[in-house]
Amino acid sequence: MVLAGVKKLAKVSVRGVVQGVGFRPFVYRLAHEHNLMGWVRNTSGNVEIEVEGDKETLENFLSDLKAKTPPMARIEKIETTFHSPKGYVKFQIWESLSQEGKYQLVSPDIATCEDCQKEILSPTDRRFHYPFTNCTNCGPRFTIIEDIPYDRPKTTMHKFQMCPDCQQEYEDPLDRRFHAQPNACPKCGPRLEIVDGDSNPIKSDDAIKTASELLKAGKILALRGLGGFQLVCDATNEEAINLLRSRKRRPSKPLAIMMVTLKEIEKHCLVSAEERKLLQSLECPIVLLKWKRSSSNISPAVAPNLRYLGVMLPYTPLHHLLLKETGLPLVMTSGNLSEEPIAKDNDEALVRLGGIADYFLRHNRDIFARYDDSVYMVEGIPQAIRRARGYAPYPIFLPFRAKQILACGAELKNTFCLTKDAHAFLSQHIGDMENEETLEHFENTIELYKKLFRIEPEIMAYDMHPEYLATKYALQVGPEQDLSLIPVQHHHAHIVSCLVENGVEEPVIGVAFDGTGYGTDGTIWGGEFLVADWRSFQRVGHLEYVPLPGGAAAIKKPYRMTLSYLYTLLGEDFALEGLPISKLDSTELEVIKQQLKRGINSLPTSSAGRLFDAVSALLGVREEIDYEAQAAIELEMLTPNEVDKPKLKAYPFSIAKHQGMRVVRLTELFSAIVQDMKNQTSIPIISLKFHNTVAQIIARMCKLIDEDTGLTKVALSGGVFQNRLLLKLVTSALQKEGFSVITHHLVPCNDGGISLGQAVVAHFASI
Ligand SMILES: [Zn+2]
Ligand SMILES: [Zn+2]
Ligand SMILES: [Zn+2]
């Protein structure tokens, strides 16, 4: 027993995001408050502390250490041992210790803190209107780090020499900018400039004011943000938006909007308490909010046919100043052409965005890592749709110690995942792996993560789809680097990513509903029922197969799927008269009919995404798409706002069992929808009934699987569950049957979450 008053030495090791976030000054202040002697230092792997004092004071210190951490710090683990005192007479911050092979978690970039916001708006402050203001509680981190340990020479700030005032802040442990590596001011830091498309500077005393005038005049600006350029225009100006759309080759995919304050957001959108929290969080993502279309002056061209708006608050001083100056909600979308990666360098932007932007609002603080805005929705709980700024490269914590694995992810919305210890470093959103630029971004980012986290993978996991660029990369680079290669089935990876982020180890019923995933039988899966855990899976059911006429063409033109279902299920003599689809070009309809009949370029598919497409085009909602899942999204959007649950009806369907496999038969469903259309039932009601039918299908299938297996936990994954109405209906139908339902929150349910599942499956396949 230790007597009060007897001095002890506590050696403390803190792991997590504890460097570059004001942790040492926090410890310094805390030690002074508690009158404790000793030191604190950064090492390559942790923060080390030695403090001396009586046991009770030490314990108070330790509890404050956990409870009062600075906003950007995230503690993973604190270990403390007690020893005999060494007789320290003061408390100091020691020099950093670098250790071979050790690594640190790296902080994501964080939105401007309140203190910095006040400074840039205060006319007497030396940082008044300075767009690169930051401190240890906010600002760029991941996007400027070239290597660890995180010190200014290893960031893109190395070219700026601090002025005496900044240097003083940097060296003062009691200052908010103590060791703030991107610390800068108007005297010594990065500068803003505005240039035209030929890189000619626009003469101006105040680049933000000039930019604001140009925006108000309907011009399109490329703004160099935190992780790359953004394309900006007035969100209330339909003409400007349409111009942006045509130049960017993005006809109707929704555009994100930035608004100056929460109050402004609430004028245009309904915001729940949970959504408010997310909007104002340090991560500051885009949140999909219910749009009050009738009372909002945001142009409908921002999100045609949709009921949600993607909205975010300003997250850098530059954004704050620009939004204040214009007094307008601004479209703020990734600076790229179509699906290429976001442009980050000034010269690169001139070339790649020259055809889109009229002017460039840019600066000379270089961006090392490309970093898109994150997107979240709140459906019960916050759920990631796109995980990037503010989140990556903070890891997902694994409930086991993993081998060093590189999981290459899927094709669309690609992310990769590198594992080491109990960390799964899921990359930021890389993009659709459909062009050389994105592949290059993928390869560079893999190298960056390997370097930052000192990872040398021994295993590579990849999707089974032979045409995915990420798969081709694995099959080429794996053997070159002498890595073992482990293929992971797409839907197994979906379900495991959901399980692992929820810490669920036991087998569950996995419902994986998405657009496309390569099956073990060489067909295109996507409406799958699995019995799965981290190690293995068994496919126990699926939606029935229909042909995918023309492969990619069937995805771009949902009416091809409508024909596939109608002719396959209702017979090749089925008459289209009276249906919207009959108005399409009759020659093409005939060609598709023949293609289906002869099975030319028509792989069988059980895809749920294609089922939604088919119904959407059957109802005449959307016959051709120009962004992923557009037909399904618009089908969801036209359902009635309020769902009257007791009156909710469903269409008939049946479930057949063949050699242990349950197959959902959809003939009755299609014939009933056609009947409803003939009876002039309203399209929103048909859409609602269809959504409810899919929920009933899932609930009934799970019930049958439960009877076979006794499993009562259901994991939902796959991009189809971004459909909020469906997610709600499925969850409540399953809960009514007594199932417990697991969904995603940390990683996207779409293919952006796949790499996490791949890594976990590969780990267990290799032990
Ligand atoms: Zn700050
Ligand atoms: Zn300065
Ligand atoms: Zn998928």
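Residues numbered from 1 in each chain as written. Chains lettered and ligands numbered in written order. Predicted model: local features only at pLDDT ≥ 70, side-chain atom pairs only at ≥ 80, totals over all residues. Heavy atoms only, no water.

(A) A look at the packing of aromatic side chains. For the structure shown, the criterion picks out 23 aromatic pairs. Arranged with centres 4.8 Å apart and planes meeting at 65°, the rings of F400 and F764 form a pair that is edge-to-face. One end of the pair, F400, is in strand β17 (residues 396-407); the other, F764, is in helix α22 (residues 754-765), and 364 residues separate them in sequence. Each of the two residues, F400 as well as F764, counts as buried. Geometrically, the ring pair formed by F425 and F453 is stacked, given 3.9 Å between the ring centres and 10° between the ring planes. Taken together, the residues span a long stretch of sequence, with F425 in strand β18 (residues 417-426) and F453 in the loop between α11 (436-452) and β19 (459-463) at a distance of 28 residues. Under the relative-accessibility criterion, F425 is labelled buried at 0%. With a relative accessible area of 0%, F453 lands in the buried category. The rings of Y103, F142, Y371, F416, F425, F442, Y449, F453 and Y473 are connected pair by pair, giving a single aromatic cluster. (Phe/Tyr/Trp six-rings, centres within 6.5 Å; stacked < 30°, edge-to-face > 60°. Helix = DSSP H or I, 4+ residues; strand = E, 2+ residues; numbered from the N terminus. Buried < 20%, exposed > 50% of the residue type's maximum accessible area, 1.4 Å probe, protein only.)

(B) Broad picture of the coordination of the zinc ion (ligand 3). Distances from the zinc ion (ligand 3) to its protein donors, H490 (NE2), H494 (NE2), D514 (OD) and D751 (OD), fall within 2.1 to 2.2 Å. Each of the 4 donor atoms bound to the zinc ion (ligand 3) contributes to angles spanning 87 to 166°, and the resulting shape is irregular. Motif for the zinc ion (ligand 3), donor spacing along one chain: H-x3-H-x19-D-x236-D. One end of the pair, H494, is in helix α13 (residues 490-501); the other, D751, is in the loop between β29 (740-742) and α22, and 257 residues separate them in sequence. For D751, a relative accessible area of 11% translates into the label buried. (Donors = N, O, S within 2.8 Å, 3.2 Å for Na, K, Ca; no water. Tetrahedral: all angles 85-135°; square planar, octahedral: opposite > 155°, others 65-115°.)

(C) Representation of the environment of L337. Tracing the backbone shows L337 in the loop between β13 (330-334) and α10 (346-353). In this structure L337 comes out as buried when scored by relative accessible area, which is 18%. For L337 and R250, which are 87 residues apart along the polypeptide, the C-alpha to C-alpha distance reads 8.3 Å. Residue contacts for L337: discarding those within four places in its chain leaves R247, K248, R249 and I356. (Contact = heavy atoms within 4.5 Å.)

(D) Expanded view of the coordination of the zinc ion (ligand 2). Taken together, C163 (SG), C166 (SG), C185 (SG) and C188 (SG) make up the full set of protein donors to the zinc ion (ligand 2), lying 2.2 to 2.4 Å away. One can describe the donor arrangement at the zinc ion (ligand 2) as tetrahedral, given that its 4 donor atoms subtend angles of 105 to 116° at the metal. For the zinc ion (ligand 2), the single-chain donor residues occur in sequence as C-x2-C-x18-C-x2-C. A residue is classified by how much of its surface remains accessible, and C163, at 8% relative accessible area, is buried.

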